[in-house]
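Tertiary structure, described
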Amino acid sequence: MSVAQGAPAGQPVRSELLRRLAEAPDWDLVVIGGGATGLGVAVDAAVRGFSVALVEAEDFAKGTSSRATKLVHGGVRYLAQGRLGLVREALRERANLLRNAPHLAQPLPFILPVYGARGRWLERWFYGGGLALYDLLAGDARLGRTEYLGAASALQRAQGLEGDGLAGAFQYWDGQFDDARLAVALARTAIALGATVVNHCAAVDLLHRDGRMGGVVVEDRETGARHALRTRCVVNAAGVWVDAVRRMDRVDGGDLLAPSQGVHLVVEREFLPGRCAVLVPRTNDGRVLFAVPWLGKTILGTTDTPRKDLAAEPEPFEEEIDFILGEASRYLAKMPTRADILSQWVGLRPLVRLPHDGAGDTKNLSREHAVLVERSGLVTVTGGKWTTYRAMAEDVLARSVRAGLLPARPAGASAALPLVGATARGVRALSEPPGEHLYGSEAPIVRGLPGPDRHLAPGLTEAMVRFAARCEYARTVEDVLARRSRLLFLDAQLSQAAARPVAEILAEELGDRFDAAASERAFVALAQRYRARPAGQAPRAQ
């Protein structure tokens, strides 16, 4: 039976996974971090037959991996930098991801508008040449034909685009996805392949034997129980917190990362009601602006601002909100204001600080990933982006083999591995409001649970909450409303209203150990951070 066809009936519950951690004497590989990269490593290692344990201190994709711009892309902007190899790899991985998880990742047309008299010639030549190269690099993995549109056609396809001064536009193709639900699918796929993957379980110490990496001490955040996992290889995939894990290894080579934050604002779909996303390749200060239809709303973003701290829930700076709203107002016919923001969220990017990089300027930092094997044998991976998570995982395992930490085994099987829920049947577009289509082949299972027609909020039913608890390892109200459902990211106020009924259902599913009142309070306080502040109001304390 393939992973995609496997029914949750045979899926181990969290207590069984914790029992494995307690009883298994040795592991081939222990992964620290349940974001895109760590989960990708777990899947790739498990499909090769390695014994794998992965621990995540919070929830899968709790950090940066749930706060992406929701794009599966090759990186059009990297073409101007001459980084053709990076673009080619990302386009290949884009095709793999869209094929392996069609319910969570799909093609999306983009409109690149061209304004003013110069747009008729100079920009048309420049952008047209770049997008032609983009299609050429994609080869057989091209999602659609790039074409130049007149102003009238552009406005028809990208409804909501500002028409004043529009000379025309290019339409090209990339992809979009649901990042947090993809992370959960990866976790469940790894488990189906035999890996032991546990959320809300933290790595609290590293074990050494004769100066070499020998294991990881993990702690279940719910019970406080600790387990020592002996292993031949430890992969540090903790995202923006990789340096904290390196310090547990007593690495004295300085920090590897210089984080940058990207802000996203969510407004109603009426600001961009068409089927196309919009890319502004160069804003007033040289950045890129996206307007993306996603799950019935419109995402506006993003920024690229250096940040020194590593807040678990960073908030946007005033100037970042003003920047996004100001630039969006130049390119959208209906100008968004702070009052239109339904949810605002921030992701911290783990940008790699290379020896020649300038300090304090994220434009000089690498967007590519880096794999570092420390003297102790600790393998650290960071950087990169969601689109190339699988290629990053292959690179991690290749470096681990070269370092003698793992035996060589054939690679590449994960490139054509359907993820849990994958279906060959057509599915509704991700630009449409959320619903059962996001569950792919498992939608009938969701419908079979109690409460399929009891709606707690738009796109969220009682049955979905029960499925999240029984099959998707949700342990808190936040796990459900932020990452199994994306309601927090779509409408923070609505998510607060749904917190109590979700807590009540989780109490039935998780039993006496679950504190419904505390989980509800914690989520309501969190959701308040995602609601837009009046102009000039100071950010809330971290």
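These remarks concern the structure in this document. Since the model is a prediction, treat every value here as computed from it, not as a measurement. (Residues numbered from 1 in each chain as written. Predicted model: local features only at pLDDT ≥ 70, side-chain atom pairs only at ≥ 80, totals over all residues. Heavy atoms only, no water.)

What follows concerns the sheet that holds strand β20 (residues 379-382). Judged by pairing direction, the sheet is mixed, and its six strands sit side by side in the order β8-β3-β2-β12-β20-β19 without closing on themselves. A strand with exactly one partner marks an edge of an open sheet, and here the two such strands are β8 (196-198) and β19 (370-373). The average angle at which neighbouring strand axes cross in this sheet is 15°, direction not considered. Inspection of the sheet shows strand β2 (residues 29-32) paired to strand β12 (residues 234-236) by three bridges, in the parallel sense. Counterpart to Ile32 in the pairing with β12 is Asn236. Along the sheet, helix α1 (residues 14-23) makes contact with β3 (52-55) and β8, crossing β8 at roughly 115°. (Pairing = 2+ DSSP bridges. Helix = DSSP H or I, 4+ residues; strand = E, 2+ residues; numbered from the N terminus. Axes fitted to C-alpha atoms, helices over the stretch in contact; angles between N-to-C directions. Contact = heavy atoms within 4.5 Å.)

Now for the packing of helix α12 (residues 477-484) against helix α14 (residues 492-510). Interhelical geometry of α12 versus α14 gives an angle of 125° and a closest axis separation of 9 Å. Relative to α14, α12 is oriented oblique. The two elements α12 and α14 meet at a crossing, and its hand is right-handed. Packed against α12, whose contacting residues are Val477, Val480 and Leu481, the element α14 presents Ser495, Ala498, Ala499, Val502, Ala503 and Leu506 at the interface. Its residues assigned to classes, the contact of α12 with α14 shows eight nonpolar, one polar and no charged. (Parallel < 35°, antiparallel > 145°, perpendicular 65-115°, else oblique. Left-handed = near helix turned anticlockwise from the far one by under 90°. Nonpolar A, V, L, I, M, F, W, Y, C, P; charged D, E, K, R; others polar.)

Moving on, we come to the pattern of salt bridges. Considering all chains together, one arrives at 49 salt bridges under this definition. With a shortest N-O distance of 2.6 Å, Glu16 and Arg19 are connected by a salt bridge. Taken together, the residues Glu16 and Arg19, both in helix α1 and three residues apart, mark about one turn of the helix. Under the relative-accessibility criterion, Arg19 is labelled partly exposed at 37%. Residues Asp28 and Arg232 are paired through a salt bridge, measuring 3.6 Å at the closest nitrogen-oxygen approach. (Salt bridge = Lys/Arg side-chain N within 4 Å of Asp/Glu carboxyl O. Buried < 20%, exposed > 50% of the residue type's maximum accessible area, 1.4 Å probe, protein only.)

Let us now look at the packing of aromatic side chains. Per the stated rule, a full pass over the model turns up eleven aromatic pairs. Look at Phe110 and Tyr172: their rings are 5.3 Å apart centre to centre, the planes differ by 25°, and that puts the pair in the stacked class. Of this pair, Phe110 sits in strand β5 (residues 105-115) while Tyr172 sits in strand β7 (residues 166-177), and the two are 62 residues apart along the sequence. By relative accessible area, which is 2% here, Tyr172 ends up buried. (Phe/Tyr/Trp six-rings, centres within 6.5 Å; stacked < 30°, edge-to-face > 60°.)

The next thing to look at is helix α15 (residues 516-530). Between its terminal C-alpha atoms α15 stretches 21 Å, which fits the 21 Å expected from 15 residues at 1.5 Å a residue. Within the sequence span of α15, burial applies to Ser519, Glu520, Phe523, Leu526, Ala527, Arg529 and Tyr530. Elements in contact with the buried residues of α15: β18 (343-349), α12, α13 (487-490) and α14. Sitting at the amino-terminal end of α15 is Asp515, which places a side-chain oxygen 3.4 Å from the backbone nitrogen of Ala517. (Expected span 1.5 Å × (residues − 1). Polar contact = N/O pair within 3.5 Å; in protein donor to acceptor, adjacent residues only side chain to side chain.)

Right, let's get into a nonpolar patch on the surface. A cluster of nonpolar side chains, Trp121, Leu122, Trp125 and Phe126, forms an exposed patch at the surface whose accessible area comes to about 580 Å². By secondary structure assignment, the location of Leu122 is in helix α4 (residues 122-138). Using a relative accessible area of 44% as the deciding quantity, one classes Leu122 as partly exposed. (Patch = residues over 30% accessible without salt bridge, like charges linked within 9 Å, V, L, I, M, F, W, Y side chains within 5 Å. Areas by Shrake-Rupley, 256 points an atom, 1.4 Å probe, with all protein chains shown as cover.)

Volume-wise, the second largest pocket comes out at about 420 Å³. Taken together, 19 residues line the second largest pocket, and the ones lying closest to its centre are His200, Arg475, Thr476, Phe514 and Ser519. Those elements that provide at least two residues to the lining of the second largest pocket are α12 and α15. Partitioning the lining of the second largest pocket into residue classes produces six nonpolar, three polar and ten charged. (1 Å grid on protein atoms, 1.4 Å probe; cavity = no way out; pocket = protein on both sides within 12 Å on 5 of 7 lines; lining within 4 Å. Points joined across faces, edges and corners; volume = space filled by probe spheres on them.)

Within the largest apolar cluster, 70 residues are counted, with the highest numbers of intra-cluster contacts made by Leu21, Leu29, Val52, Val197, Val235 and Trp386. Once residues within four sequence positions are removed from consideration, Leu21 is found in contact with Trp27, Ala53, Val55, Thr196, Val198, Cys201, Val218, His227 and Leu229. Residues Leu79, Val87, Phe467 and Ala469 belong to the second largest nonpolar core, which totals 66 residues. (Core = buried A, V, L, I, M, F, W, Y, C linked by side-chain atoms within 4.5 Å.)

Take the side chain of Arg307 next. Looking at the secondary structure, you find Arg307 in the loop between β17 (305-306) and α8 (318-331). A polar contact is formed between the side chain of Arg307 and the side chain of Asp309, at a distance of 2.6 Å.

Moving on to the pairing of β19. Pairing of β19 with β20 involves four bridges; the strand directions are antiparallel. Bridge pairing in β20 links Val371 to Val381. Hairpin remark: β19 followed by β20, antiparallel, with five residues in the connecting loop; positive phi at Gly377, about 105°.

Strand order across the open sheet formed by four strands is β1-β11-β10-β9, with mixed pairing between neighbours. A single partner strand is all that each edge strand has here, and the edge strands are β1 (26-27) and β9 (201-209). Pairing between β9 and strand β10 (residues 212-220): eight bridges, direction antiparallel. Note that in β10 the partner of His208 across the bridge is Met213. Contacts from α1 reach β1, β9, β10 and β11 (226-231) within the one sheet, and its direction differs from that of β11 by about 60°.

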